[in-house]
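Structure at a glance
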Amino acid sequence: MKKLLQILMLLVMPFWLHAQQISGTVSDKNGPVIGATVSISSSNGTITDVNGAYELKVPAGTHNVTIAFVGYNKKTTSVTVTSGENKTLNVSIEENVELLNELVVVGTRSRPRSNIDTAVPVDILDAKELTSTGQNTFDKALTYRVPSFNSVQTPVNDATSLLDPYEIRNMGPSRTLILINGKRKNLSALLYTQTSPGRGETGADISAIPQDAIERVEILRDGASAQYGSDAIAGVMNIILKDDVDYGSVTMRAGITGEGDGESVGVSLNAGTSLGNGGFLNYTVDFSKRELANRPGTVNAAGEAADFGADISDVQEFLNRRPDAGNVNGSPETTAAKFLMNGGFNISNNTKGYFNGAYVYKNVNSYANYRTPYWRTVTDMPYLADFFPGNHPTNPGGYDGYVPTFDGLLNDFNGTLGVRSEMNGWTYDGSFTVGGNTQTYKVRNSHNRNDVSSGPVWTDANGDHVIDAGEIGTVPLYRENSPISFDPGGTRFNHIVGNIDISKEISSSLAMAFGAEFRNETFTVIEGGKASYDGGGADSFAGNTPENSGKFNRYNFGGYFDLSYDITEDFLLNGTIRAENYSDFGQAFVWKLSSRYKLMDDKMTVRASASTGFRAPTLHQIYTQKAQYSFVPGSGIQVGGLVNNVSPQAKLLGIPQLDAEESFNFTIGLGMRPSENFDITVDYYNISVTDRIVLSTEIGPTTAGNTPLDQVLSDNNLSDVSFFVNALDTKTSGIDFVANYKNLGVGNGTLGFTLSGNYTIENERDGDVKNPDLVEGAGQSVVNETQEALFFTSRPKTKWILGVNYDIGKFGLSLNNTYFGTTTFRQQGMDANLKTEFKPKVVTDLGINYRASDNVNISFNVNNILNVLPEWEFKALNATGETILNDPAQVQTQSNLITFNQRYSQMTYDGYHFSQLGSLYNLTVNVRF
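It should be emphasised that the depicted structure is a prediction, and the values quoted were computed from it without experimental measurement.

Here is what the cut-offs are and how they apply
- Counting of residues starts from 1 at the beginning of each chain's written sequence and follows it residue by residue.
- At least 70 in pLDDT is required for a residue's local features to be given in this predicted model, at least 80 for side-chain atom pairs to be given and counted, and no such filter applies to totals for whole chains, interfaces and linings, which use all residues.
- To get the side-chain values, all heavy atoms of the structure are used, and hydrogens and water are removed first.
- Only rings of Phe, Tyr and Trp enter the pairing, Trp through its six-membered ring, and a pair is recorded when the two centres are within 6.5 Å. The plane angle decides the type: under 30 degrees is stacked, over 60 is edge-to-face, the rest tilted.
- Where helices and strands are cited, they refer to DSSP runs of H or I of at least four residues and of E of at least two residues respectively, numbered from the N terminus.
- A simple rule labels every residue: compare its accessible area, found with a 1.4 Å probe on the protein chains alone, to the largest value its type can have, and call it buried under 20%, exposed over 50%, or partly exposed in between.
- Put simply, a charge is over a ring when the Lys NZ or the Arg CZ is close to the ring centre, within 6 Å, and near the line of the ring normal, within 35 degrees.
- The axes are straight lines fitted to the C-alpha atoms, using for helices just the contacting stretch, and the angles between their N-to-C directions are given from 0 to 180°.
- Just so you know how the angles are binned, under 35 degrees is roughly parallel, over 145 roughly antiparallel, 65 to 115 roughly perpendicular, and the rest oblique.
- In this scheme the handedness of a crossing depends on how the near helix is turned from the far one: anticlockwise by less than a right angle means left-handed, clockwise means right-handed.
- Residues count as neighbours in contact if any of their non-hydrogen atoms are within 4.5 Å of one another.
- Residues are sorted three ways: Asp, Glu, Lys and Arg are charged, Ala, Val, Leu, Ile, Met, Phe, Trp, Tyr, Cys and Pro are nonpolar, and all the rest, Gly among them, are polar.
- Under the rule applied, a polar contact is a pair of N or O atoms within 3.5 Å (in protein, one hydrogen donor and one hydrogen acceptor; residues adjacent in sequence only if both atoms are side-chain atoms).
- Definition used for salt bridges: Asp or Glu carboxyl oxygen within 4 Å of a side-chain nitrogen of Lys or Arg.
- Predictor confidence is given residue by residue as pLDDT, running from a minimum of 0 to a maximum of 100.
- Pairing between strands requires that DSSP locate at least two bridges from one strand to the other.
- Only residues whose relative accessible area exceeds 30% and that form no salt bridge are eligible for patches; like-charged ones are grouped when within 9 Å, while nonpolar side chains (Val, Leu, Ile, Met, Phe, Trp, Tyr) are grouped when within 5 Å.
- Only the protein chains shown count as covering a residue, and every accessible area follows the Shrake-Rupley method with a 1.4 Å probe.
- Taken from the helix axis, the directions to the C-beta atoms give the arc we talk about.

Considering the packing of aromatic side chains
Under the counting rule described, the total for this entry stands at 29 aromatic pairs. Both rings, one in Phe406 and one in Tyr441, keep their centres 5.1 Å apart while their planes meet at 35°; by these two values the pair is tilted. Taken together, the residues Phe406 in strand 24 (residues 405–423) and Tyr441 in strand 25 (residues 426–444) connect sequence positions 35 residues apart. For Phe406, a relative accessible area of 2% translates into the label buried. Residue class for Tyr441 comes out buried when judged on its relative accessible area of 10%. Aromatic pair Phe737 and Trp800: ring centres 6.0 Å apart, planes at 45°, arrangement tilted. Separated by 63 residues along the polypeptide, Phe737 in strand 38 (residues 721–746) and Trp800 in strand 40 (residues 798–808) bring together distant segments of the chain. The class for Trp800 is partly exposed, based on a relative accessible area of 29%. An aromatic cluster is present here, built from Phe308, Phe318, Tyr370, Tyr374, Trp375 and Phe900 joined pairwise through their rings. A cation over a ring is seen here: Arg169 above Tyr685, with NZ or CZ 3.7 Å from the ring centre. A cation sits over an aromatic face here: Arg692 above Phe791, 5.8 Å from the ring centre.

Here you go:
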């Protein structure tokens, strides 16, 4: 690592050259073009002012000056500048109808608009804004650029380590639709079942998309089911891929945490080439490796002894040697290889083909909770000394416990092939998209404690062989020849999507579009090896059993009609309707109406929208059934069961089959642009969701013990059971604010400011929980305080980003402050008179960019430069809670309950509002060719 950093630092040697100047104007057939980008490299550029004028400081020599503006053909001109010369370059650019059709595809299907001109709020982030964050992955970069977007690593990894849950407007990952070049990306195969934000949902793996392949990102912060179908209740993210063919670049990255762990290295190649007459191919290859960053807590001995019924002296002896109880949590070791391509070709003068494709390989190595020698004892299981020899001073064979590893392997692919044509004023677009995600797992350094399938290989507590099968179940039996490595299986999701989109600009004020989509989805539960599921299965992560495995399929067909009408030059109306039919749950009909009115010579825009939406239950939610290991406060790790809605157990419990969620969205906003360098937008949103699908809390046995629920638990050797159900109606409202000021001259440089924020007014349950009769009759509920906290308060109530950028000569400086507001939890097992509250914090990021030459750019980022960490405290809900907080012993007990005896003291067992890793140092060198 040190040698790599030394090699990268060699590239930081200064290439001081006297700066010259290229200046001029950019225009089109109608006059000056305002806001066009003028650049000689990805890091040395400017934009045109209100007169279309620009100035660009450059070193002496020959430069390729590129002019780019959305909706226009990119133009590159070679210019030679001698020492001390101020060169004039005036450029005329032309509109490109095809590019206009690709501009802001989210929000409407019939007429492209700029983000200021849209009737709904749209964020547009270019590649430079994402890479300037210094974050390792695309989802984390968005977290520190878009206030309404949140993604954070979960405290307990397991399968979740392969894909962190993300969400827009605190609505969960399932309610944001992800598009690649306007086409639907496949969902991940992962279903979040841990007690963490995103529980019970799934989303697309956006962390797998290489940042160097992205041209820009469009984020529609509004419901769009009418335009795009299911999953668009909270918004739509459209990722536009690069199409450059004039240059390529190699990017080298290295990083480390302030604690000296979590080392990361990476190299990425982005390049392009022409294909025949007017065709292009742009491709990206990205390799990266990140080491483990471990943040364990100091474990409390009294809590351990109480949880595991152990002698306190045994616990203290172990913890004196291992204060963290051997626990490993934080950011797991991750290796990734990513390949992506984007291309187009001419078929005729009016017809073009296009394609894109991506493949991602990701391998994650994480850990389960350490099985201490007083938890899994050698006294009860003598064979453990042979399985896991250690250095314990008194146990036979030195047995000192063991820590199961969890290895996850992810393969994700997507591809689109399409044709776009123009004829007699009509635009036709037909495409075929495929995508898939496979996640398989490996558990090592573990064992199967109670598999009874292999006859006389079992021993009783005295170590005597059990020969008589009739004795099985009458004496304690333990596996003496279990494997220590297991294949638990995994999951796979695939889809095939066909799209037909037709549009026409009927007149200068009226445009329409209509189209259809066919989608076929397949979800596969991959069976595990027999040893991984027999009996209790592999300790820490049981495999998929044959009866819970299989392939499940559905299809749906949908169509939409969109009409956009400029009543006047300032007044726009846009309406869309959509109908869908699913093979497994039925039909859906939704609509959307939006409007925009411009005032004060286009310096002010008032906009509003109203829409209905829907989200179909995913195949994961319908068919997943498994044994689930989870932490039960005061009892350690227990095995529960997740029962799917089409199983015999579900029928016995009276669990209804899942139906689609339905929503109503309303937004109203104001946009102002007092000058070309200053703009402000404020948008209010209100989202109501009925029949929201949730993964229930763990439903345990009744006091009487004689109900069908008790029978199901007993028959399946489960401590509890959970399932999916349309249980909630919810309401969410808030305000988004964005303000930008740029090109303020300060000294010899230019200064820019950005202030953006999201404030949640309400995010809560609307009405009573809709419990199945059996659960209601047992005096229980499918949603408890812990669940409600995960749904509604597990993300910051408010989040603000204040960014300052200063460019002077070859240097660019950025300072971004991200305010993470209050987050509250009601953790499982905690006293009902208390809650936990994560304190508001400000995370400060510093970026230094140095343009060493036209072709070499060096960036150094310090994320969280002040090493701010999450911090939480108990809050009393009433007088009884105050009494608890006034007793240090009770406070310690409550703290042990929600942190697994301080293993997760930094963020509790259920989650937190930003990274626990502290300061991160990243060096990036980009070499252009």
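Focus: the packing of helix 6 (residues 301–308) against helix 7 (residues 312–321)
With their axes 9 Å apart at the nearest point, helix 6 and helix 7 run at an angle of 130° to one another. Taken as axis vectors, helix 6 and helix 7 run oblique relative to one another. Our pair here, helix 6 against helix 7, has a crossing hand that is right-handed. Contact with helix 6, carried on its side by Ala301, Ala302, Glu304 and Ala305, involves Ile312, Val315, Gln316 and Leu319 of helix 7 and no other residues of that element. Per-class residue counts for the contact of helix 6 with helix 7 are six nonpolar, one polar and one charged.

What to know about helix 6
Most of helix 6 sits out of view: six of its eight residues are buried. A distance of 3.3 Å separates the backbone nitrogen of Ala302 from a side-chain oxygen at the start of helix 6, and that oxygen is part of Asn300. Positioned one or two residues after helix 6, Gly309 has a phi angle of 60°, which is positive.

Topic: the pattern of salt bridges
Evaluation of the coordinates by the stated rule reveals 47 salt bridges. A salt bridge links Glu201 to Arg175; its shortest N-O distance comes to 2.8 Å. Of this pair, Glu201 sits in the loop between strand 14 (183–184) and strand 15 (214–220) while Arg175 is found in the loop between strand 12 (166–168) and strand 13 (176–180), placing the two residues 26 residues apart along the sequence. Like Glu201, the residue Arg175 is buried in the burial classification. Where Asp539 meets Arg371, a salt bridge forms, and the shortest distance between an N and an O atom there is 3.4 Å. Of this pair, Asp539 sits in the loop between helix 9 (530–533) and strand 30 (550–566) while Arg371 sits in the loop between strand 23 (351–367) and helix 8 (384–387); the two residues are 168 residues apart in sequence, bridging distant segments of the chain. Note on Arg371: relative accessible area 2%, which makes it buried. A single network of salt bridges, built from pairs that share partners, joins Glu517, Arg519, Glu521, Arg554 and Asp584.

Considering the side chain of Asp286
By secondary structure assignment, the location of Asp286 is in strand 19 (residues 279–290). When residues no more than four places from it in sequence are discounted, the contact partners of Asp286 are Pro210, Arg253, Val267, Ser268, Ala336, Ala337 and Lys338.

Points about the confidence of the model for the protein chain
Mean pLDDT for the protein chain: 85, with 88% of residues reaching 70 or above. Across residues 451–478, confidence stays below pLDDT 50; counting only partners more than four residues off in sequence or on other chains, it has 45 contacts.

So, unusual backbone geometry
Positive phi, normally seen in glycine, also occurs at Asp602, with a value near 70°. Inspection of the secondary structure assignment puts Asp602 in the loop between strand 32 (586–599) and strand 33 (604–615). Residue classification places Asp602 among the partly exposed residues on the basis of a relative accessible area of 40%. The phi angle at Asn864 is positive, at roughly 60°, despite the residue not being glycine.

Comments concerning the pairing of strand 25
One face of the sheet, then the other: side chains in a regular strand alternate in exactly this way. With 19 bridges connecting them, strand 24 and strand 25 associate as antiparallel partners. For Asn411, the partnering residue across the bridge sits in strand 25 and is Thr438. The antiparallel hairpin formed by strand 24 and strand 25 contains two residues in its connecting segment, where Asn424 sits at a positive phi of about 55°. Taken together, the 18 bridges between strand 25 and strand 28 (residues 485–505) define a ladder with antiparallel strand orientation. Its bridge partner lying in strand 28, Thr440 is registered against Gly490.

Let's talk about the sheet that holds strand 4 (residues 45–47)
Pairing is antiparallel across the open sheet formed by four strands, whose spatial order is 4-3-6-7. Each edge of the open sheet is held by one strand with a lone partner, namely strand 4 and strand 7 (75–81). Across the sheet, the mean angle from the axis of one strand to that of its neighbour is 20°, orientation sign disregarded. Where strand 6 (residues 61–68) lies against strand 7, seven bridges are found, and the strand directions are antiparallel. Across the sheet, Gly61 pairs through a bridge with Val81, a residue of strand 7.

Remarks on the pairing of strand 18 (residues 264–275)
The pairing of strand 17 (residues 249–257) with strand 18 spans seven bridges and is antiparallel. From the neighbouring strand, Thr251 faces strand 18, where its bridge partner is Ser268. Between strand 17 and strand 18, which follow one another and run antiparallel, lie six residues, and Gly260 among them has a positive phi close to 85°. In this structure, strand 18 lies alongside strand 19, joined through 12 bridges in antiparallel fashion. From the neighbouring strand, Thr273 faces strand 19, where its bridge partner is Leu281. Here strand 18 folds back onto strand 19, and the loop between the two strands holds three residues, one of which, Gly276, carries a positive phi near 60°.

Observations concerning a nonpolar patch on the surface
Together, Phe561, Leu563, Ile577, Phe589, Trp591, Leu593, Phe664, Phe666 and Ile668 give the surface a local cluster of nonpolar side chains, amounting to about 800 Å² of exposed area. Position of Trp591 among the secondary structure elements: in strand 32. Overall, the relative accessible area of 32% leaves Trp591 in the partly exposed class.

Digging into helix 7
Among all positions in helix 7, only Val315, Phe318 and Leu319 are buried. Taken end-on, helix 7 shows its buried residues confined to a sector of 95°, consistent with a single buried face. The inward-facing, buried residues of helix 7 abut helix 6.

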